Amino acid sequence: MPLDVEKIRRDFPILGRAVRGKPLVYLDNAATTQKPRQVVELLAHFYGLHNANIHRGVHTLSGEATKLVDRARGKIARFINAPKPQTIVFTRNTTEAINLVARAWGERCLKAGDEILLTDIEHHSNLVPWQMLAQRAGAKLCFVESEPDGTLSAETARRHFTARTRIFAFTALSNALGSVSPVGPLAALAREYGALSLVDGAQWVPHRPTDVQALGCDFLAFSAHKMFGPTGVGVLYGREDLLEAMDPFLGGGDMISEVWLDRATYNELPYKFEAGTPDIGGIIAFGAAVDYLAAIGFEDIGRHERLLSERLLDILRCEAEVAVYGPRRIEDRGGVVSFNVGDVHPHDVGQIFDAEGVAIRVGHHCCQPLMRKLNIPGTARASVYAYNTLPELEAFAKALRKAKEFFRVTSAR
Ligand code: PLP
C-alpha cells in the first residue's frame, strides 16, 4: 500500500511552518527527525500527570513512572526482536552506547596486541571510542576499506580478520554515503573468527526492520531522536551473557545492589548499566515513537523512501557538474544522498538551500577520515523519511539550480 503521507504529515505541525518565507522542506532526517504530536503529547502527559523518579519510591506516582519505563523497554525489545527486555540498556544516544561497550567490555576483555576491527566509513562515534580504548589497552586498530562505491563487502572484510581480532564494529548504513551494509554476513564473519560484532544502527534501525537474533549481532546501538523519538535517549542492545560478564560503565545510584564505604556489588541487568536518573519522560515517549513507526510499517516506509531516493538521485544526476557519492545501485542505498556542486564549498551550497526553505546538512558528517579518503572537505547531504513528498523534492531541485546559478557552476567552468 502506498503511504498516506498527507495523514502522516498532519501529525508533524513543524512541517507546516515556513522558513525564510518559503514552506519548510525538511531533508535533514539523518541528523535528527521531527517528532509526531503523539510523541510530544505523551511527553507533556507524563510530566503533567505521572512525573516521579523511578524504582526507589513506594508512592503511587513512582510506581506509575516505573511501570511506564518498563513498558517502553518491552516495546523496544520487541521492536528489534531482542530475546528479553533486560538486554535493552537505555543510554543517552548511540555514541554513549558504543562508549559503554568500549569501556565496559573493552577494558575487561582486551589485552595488549589484540585487534579491534573497524571500517573506513565509520561515524566518529564508532571510531574515537575505539581509538581511546586501543590507547588504554595497547590494542591495535585495523580497518576494512570500503569498496569504490562506499559499500562494505564481506569478502574484503574477511582479509582483515586475524587470530587477534576481538571485535568488529561497523555501521549498518553509512550516514555520509547512504550505503547499506551486509549486516548479517559481516556479523557472521566476526562469529566465524571468534570475534564479537557491534553494529552501529543509528541510520538503520529507523528505516529497516531489525531483528537482532536473525542478524546474529552481539551488540547494536541506536538513537531515539533519529526515529521520531526525543533527544537524550539511546539504546544499547547486548547479548545477555556478554552484558552479564561486563563491568559497569558508570557508577552511582540504581546500578548497585549493596554499597559499603569501600566497595559495592552491582545490580542485575539492565540496571547495572543505568546509573543515575535516566531521561524518564524521553524513554516513555520513545515507546510512543516505536508504536508510531510500527503502525506505519517498514514495508511501506521502505517503498516510499526508495521512491524518494530514486527521484533525488535523478535530480542530482541530471545536473552537470554535480557529484553524487555512494552506491550507484538503489538496492545498496538508504535514504541518504550526499553530493557536491562543482567545487563550491558545501556550506555555501547549504545556505542557498536554506534561503529556499530546504533544510539539508553540510560538512564532514562526523566522518573526517572518509572525507579525507574522498579528497573533499565535505558534502551536502539530503536525507528523507516517511513524511517527505515528491513535490518537496521539486523544491530541492529548484534550490539546486539556484545554487548552480548563484555560483555560476556550468560545464564550461
Ligand atoms: N552513527 C551514525 C551512523 C550516525 O549517523 C550518528 C549520528 O548522526 C551517530 C552514530 C551518532 O548518533 P548520536 O549523535 O545520536 O549519538
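My aim in this report is to walk through the structure given alongside it, one point at a time. (Residues numbered from 1 in each chain as written. Predicted model: local features only at pLDDT ≥ 70, side-chain atom pairs only at ≥ 80, totals over all residues. Heavy atoms only, no water.)

### Section: the nonpolar core
Argument step 1. Of all hydrophobic cores here, the largest spans 77 residues; its most connected members are Ile-80, Phe-228 and Phe-286.
Argument step 2. For this core, the element with the most residues is helix α10 (residues 280–296), which contributes 11 residues.
Argument step 3. Apart from the residues lying within four places of it in its own chain, the contact partners of Phe-286 are Ile-76, Phe-222, Ala-224, Met-227, Pro-230, Val-233 and Val-235.
Argument step 4. Membership of the second largest hydrophobic core comes to 29 residues, among which are Leu-100, Ala-102, Trp-130 and Ala-221. (Core = buried A, V, L, I, M, F, W, Y, C linked by side-chain atoms within 4.5 Å. Buried < 20%, exposed > 50% of the residue type's maximum accessible area, 1.4 Å probe, protein only. Helix = DSSP H or I, 4+ residues; strand = E, 2+ residues; numbered from the N terminus. Contact = heavy atoms within 4.5 Å.)

### Some remarks on the state of the cysteines
Argument step 1. Throughout the structure, instances matching the rule amount to 0 disulfides.
Argument step 2. A disulfide-free cysteine, Cys-109 has its sulfur positioned 18 Å from the sulfur of Cys-217, the nearest such atom.
Argument step 3. Looking at Cys-109, the relative accessible area reads 32%, which means it is partly exposed. (Disulfide = S-S within 2.5 Å.)

### Here we look at the pattern of salt bridges
Argument step 1. Inspection of every chain in the model, using the stated rule, returns 31 salt bridges.
Argument step 2. Measuring nitrogen to oxygen at the nearest pair gives 3.7 Å for the salt bridge that ties Arg-306 to Glu-310. Taken together, the residues span about one helical turn, with Arg-306 and Glu-310 both in helix α11 (residues 298–318) at a distance of 4 residues.
Argument step 3. Residues joined in a network through salt bridges with shared partners are Lys-22, Glu-356, Lys-398 and Lys-402. (Salt bridge = Lys/Arg side-chain N within 4 Å of Asp/Glu carboxyl O.)

### A word on the sheet that holds strand β6 (residues 140–144)
Argument step 1. Reading across from one edge, β4-β10-β9-β8-β7-β5-β6 is the order of the 7 strands in this open sheet, with mixed pairing throughout. On the outer flanks of this sheet lie β4 (88–91) and β6, each paired with one strand and no other. Averaged over all pairs of adjacent strands, the angle between their axes in this sheet comes to 20°, without regard to strand direction.
Argument step 2. Direction of pairing for strand β7 (residues 165–171) relative to strand β8 (residues 196–200): parallel, over a ladder of 5 bridges. Residue pairing for β8: Ala-169 is matched across the bridge by Leu-198.
Argument step 3. Lying over the sheet, helix α4 (residues 94–109) contacts β4, β7, β8, β9 (219–223) and β10 (234–238), oriented at roughly 150° with respect to β9.
Argument step 4. Relative to the sheet, helix α7 (residues 183–192) contacts β7 and β8, its axis offset from that of β7 by approximately 170°. (Pairing = 2+ DSSP bridges. Axes fitted to C-alpha atoms, helices over the stretch in contact; angles between N-to-C directions.)

### Describing the site of the ligand
Argument step 1. What surrounds the ligand is a group of 14 residues, the closest being Thr-95, Asp-200, Gln-203, Ser-223 and Lys-226.
Argument step 2. Between the ligand and Gln-203 there is a distance of 2.7 Å, counted from an oxygen atom to a side-chain nitrogen or oxygen.
Argument step 3. Taking Lys-226, its side chain carries an N or O atom lying 2.6 Å from an oxygen atom of the ligand.
Argument step 4. If you map the ligand onto the pockets, it falls in the largest pocket.
Argument step 5. Of the residues belonging to the shell around the ligand, the class tally is 2 nonpolar, 10 polar and 2 charged. (Near = heavy atom within 4 Å. Polar contact = N/O pair within 3.5 Å; in protein donor to acceptor, adjacent residues only side chain to side chain. 1 Å grid on protein atoms, 1.4 Å probe; cavity = no way out; pocket = protein on both sides within 12 Å on 5 of 7 lines; lining within 4 Å. Sits in = over half its atoms within 2 Å of the grid points. Nonpolar A, V, L, I, M, F, W, Y, C, P; charged D, E, K, R; others polar.)

### Re the layout of surface pockets
Argument step 1. Computed from the structure, the largest pocket encloses a volume of approximately 350 Å³.
Argument step 2. Forming the boundary of the largest pocket are 21 residues, of which Ala-30, His-123, Asn-175, Lys-226 and Cys-366 lie nearest the centre.
Argument step 3. Counting residues per element, the ones that place at least two in the lining of the largest pocket are α4 and β16 (361–363).
Argument step 4. Here the residues of the lining of the largest pocket are counted per class, giving 6 nonpolar, 11 polar and 4 charged. (Points joined across faces, edges and corners; volume = space filled by probe spheres on them.)

### Describing the packing of aromatic side chains
A ring pair, where both rings are aromatic, is described by two values, the distance of the centres and the angle of the planes.
Argument step 1. This model, assessed by the stated rule, comprises 17 aromatic pairs.
Argument step 2. Summarising the aromatic geometry, the rings of Phe-228 and Tyr-385 are spaced 4.6 Å apart at their centres and angled 35° between planes, so their arrangement reads as tilted. Placement of Phe-228 in the loop between β9 and β10 and of Tyr-385 in the loop between β17 (379–383) and α14 (390–406) is noted, with a sequence separation of 157 residues between them.
Argument step 3. The ring of Trp-260 has Arg-263 lying over it, and the distance from NZ or CZ to the ring centre is 4.2 Å. (Phe/Tyr/Trp six-rings, centres within 6.5 Å; stacked < 30°, edge-to-face > 60°. Lys NZ or Arg CZ within 6 Å of the ring centre and 35° of its normal.)

Fair warning: the whole summary comes from geometry, so function is off the table for now.
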